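Summary of structural features
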Amino acid sequence: MPAGGFSAVSKNGGTEFEAKITPIVVISCVMAATGGLMFGYDVGVSGGVTSMPDFLKKFFPAVYRKTQLKEEIDSNYCKYDNQGLQLFTSSLYLAGLTATFFASYTTRKLGRRLTMLIAGVFFIIGTVLNANAENLTMLIVGRISLGCGVGFANQAVPLFLSEIAPTRIRGGLNILFQLNVTIGILFANLVNYGTAKIEGGWGWRLSLGLAGIPAGLLTLGALMVVDTPNSLIERGRLEEGKAVLKKIRGTDNVEPEFLELVEASRVAREIKHPFRNLLKRRNRPQLIIAVALQIFQQFTGINAIMFYAPVLFNTLGFKNSASLYSAVITGAVNVASTIVSIYSVDKVGRRMLLLEAGVQMFVSQLVIAIILGIKVKDHSDDLTKTFAILVVVMVCTFVSSFAWSWGPLGWLIPSETFPLETRSAGQSVTVCVNLLFTFVIAQAFLSMLCHLKFGIFLFFSSWVLIMSVFVLFLLPETKNIPIEEMTEQVWKQHWFWRRFVSEDEIEVKKIGVKKNTNAFGASLEL
């Protein structure tokens, strides 16, 4: 590879876009992806902290008494069934759900870079509140601040990565966000494993306080990176956008790509109500797929495992240190498998990874359900060593398949399929739906575990089957397709979705003829 990276040329309807993998692209993408590191740490740290006796004793004494078997419970599956405890985890995602609407505005009007900076500030505030919490209110307010950071980061970072990366490696660089999510989860699990051994009852504060490291990295990264050419051009800063495009592509030959971005921006400016436009017939394929992917991603059951891994392993009879150790193992598998996705997503393709993972997740969850159904009873939760190892192996099998498929691709595919005029609004809906169903799973999982017992894995595996069928018939392949060419090369070629795009395009052309205007920034009446 040459020092400046290799030259990638994409042919798009006769136009050639020249691009190198420049150092500024790599640095920008790595720094931006630290938003995923913060998100992952928040996901991973809550499960470990909520299994720590000192934390439970201070904030959730009722749960503490159950875990110490000082109160009679109906089933070992119900030891952690407490709405307040679930709210500690889920409040972050409810706040993120609300914040994403504001983030859509800032992403569009202020740019991707400034939106990431706002996320970093929210993360720092939430970390300070959580690490110093003296009561449940302070704890929840801190989680809400972290949730606002998640809403802003998840809105801006995937868009930033998709827009700044050369087409040929867009998938791999975009998955840096998800890789950092998995690294954040692993980091949190390692921290929890260490802090759980600290005497004096303050280990949980250190676990929550160390979130300041990724929060600081994201804030620093947002101050250092440049905004994307798409965002600058969209806000009318054409010359600056062209200069940044030359810098990130490593060449002065950017005129074809620049003109295409300007044209996409002109169309975007004609759209006065992007959320209303998102509901138009021609945008229905992208919207349906984006929403479906977020719902399916959560109903794989992955976040139930990642949020509550130590709690889940405790429920299954693992001792406290063993449950945290098992969570570390699954976290490490998560990281390694996401790296696999980076190298394979632009070679194997999105559809193949999703379909293969569907089979793997379905089988692993089925095996877990069978083991738990036979071996774990309501008042006898001690698995033999052999079956305990088998459960951990199956959980790792499940986590690995998710990490190279539904985890990163659930974010990548929506970020690369929406046209510029609806991209910010589309990403907002994507994040909103994701956080809504993340909140639902986080708030309901411990109660579901109590009532469904081992059947909860059958519940999730049935969803895996449904979503695999969806991918097989309705999800088009988007690898190596330039973002601005998705309509022509993807949606118009798909056996089902082309009817929405083609019919609506005919109507748009009729309206365009009637208006007989082509002015930059003109209003298009749809």
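Residues numbered from 1 in each chain as written. Predicted model: local features only at pLDDT ≥ 70, side-chain atom pairs only at ≥ 80, totals over all residues. Heavy atoms only, no water.

**Notes on the packing of aromatic side chains**
A complete count under the given rule lists 19 aromatic pairs for this structure. Ring centres of Phe55 and Phe88 lie 5.3 Å apart, and the angle between their planes is 50 degrees; on these two criteria the pair is classed as tilted. Taken as a pair, Phe55 in helix 3 (residues 53–59) and Phe88 in helix 5 (residues 83–109) lie far apart in primary sequence, 33 residues in all. Here Phe55 matches Phe88 in class, with each residue buried. (Phe/Tyr/Trp six-rings, centres within 6.5 Å; stacked < 30°, edge-to-face > 60°. Helix = DSSP H or I, 4+ residues; strand = E, 2+ residues; numbered from the N terminus. Buried < 20%, exposed > 50% of the residue type's maximum accessible area, 1.4 Å probe, protein only.)

**Some thoughts on the nonpolar core**
With 147 residues, the main nonpolar core has Phe55, Phe123 and Trp406 as its most contacted residues. Tallying contributions element by element places helix 21 (residues 420–452) first for this core, with 13 residues. Not counting residues up to four positions away in its chain, the partners in contact with Phe123 are Met38, Asp42, Leu146, Gly149, Val150, Ala153, Ala215 and Leu218. (Core = buried A, V, L, I, M, F, W, Y, C linked by side-chain atoms within 4.5 Å. Contact = heavy atoms within 4.5 Å.)

**As for a nonpolar patch on the surface**
Nonpolar side chains collect at one region of the surface, where Leu366, Ile370, Ile374, Phe454 and Leu458 lie side by side and expose about 420 Å² of accessible area between them. Counting residues per element, the nonpolar patch draws most heavily on helix 18 (residues 350–375), at three residues. The topology assignment puts Ile370 in helix 18. (Patch = residues over 30% accessible without salt bridge, like charges linked within 9 Å, V, L, I, M, F, W, Y side chains within 5 Å. Areas by Shrake-Rupley, 256 points an atom, 1.4 Å probe, with all protein chains shown as cover. Salt bridge = Lys/Arg side-chain N within 4 Å of Asp/Glu carboxyl O.)

**A look at the packing of helix 7 (residues 136–164) against helix 8 (residues 170–195)**
Relative to each other, helix 7 and helix 8 sit at 155 degrees, their axes nearing to 8 Å. One finds that helix 7 runs roughly antiparallel with respect to helix 8. Here helix 7 runs over helix 8; the crossing is right-handed. Residue-level inspection shows Asn154, Val157, Pro158, Leu161 and Ser162 of helix 7 in contact with helix 8, the latter providing Arg170, Leu173, Asn174 and Phe177. Its residues assigned to classes, the contact of helix 7 with helix 8 comprises five nonpolar, three polar and one charged. (Axes fitted to C-alpha atoms, helices over the stretch in contact; angles between N-to-C directions. Parallel < 35°, antiparallel > 145°, perpendicular 65-115°, else oblique. Left-handed = near helix turned anticlockwise from the far one by under 90°. Nonpolar A, V, L, I, M, F, W, Y, C, P; charged D, E, K, R; others polar.)

**Thoughts on the side chain of Ser91**
With respect to the secondary-structure elements, Ser91 resides in helix 5. In contact with Ser91, other than residues within four places in its own chain, are Ile140, Arg143 and Ile144.

**Some words on helix 20 (residues 406–417)**
Between its first and last C-alpha, helix 20 extends 16 Å over 12 residues, near the 16 Å set by a 1.5 Å rise per residue. Burial of helix 20 is extensive: 12 of the 12 residues sit out of reach of the surface. (Expected span 1.5 Å × (residues − 1).)

**So, the side chain of Thr127**
Looking at the secondary structure, you find Thr127 in helix 6 (residues 112–131). Classification of Thr127 by relative accessible area gives buried; the value is 6%. Residues contacting Thr127, with those up to four places away along its chain left out, are Met38, Leu146, Leu208, Gly209, Ala211 and Gly212.

**Regarding helix 8**
With 26 residues, helix 8 extends 38 Å between its outermost C-alpha atoms, agreeing within 8% with the 38 Å of an ideal straight helix rising 1.5 Å per residue. Helix geometry: helix 8 is bent most strongly at Phe177, by close to 30 degrees. Counting buried residues along helix 8, 21 of its 26 residues qualify, which places the element largely inside the surrounding structure. (Bend = angle between axes of the 7 residues up to and from the residue.)

**Some details on the pattern of salt bridges**
Two side chains with opposite charge may pair up if their charged atoms get near one another. Counted by the stated rule, this structure contains 12 salt bridges. When the shortest N-O distance is used, the salt bridge between Glu163 and Arg112 registers 2.7 Å. Pair noted here: Glu163 is in helix 7 and Arg112 is in helix 6, with a separation of 51 residues, a long-range link. For the pair Glu163 and Arg112, one class covers both residues: buried. Arg249 is paired through a salt bridge with Glu257; the nearest N and O atoms lie 3.1 Å apart. The pair Arg249 / Glu257 is uniform in exposure class, with both members buried. In this structure, a network of salt bridges that share partners links the residues Arg112, Glu163, Glu234 and Arg423.

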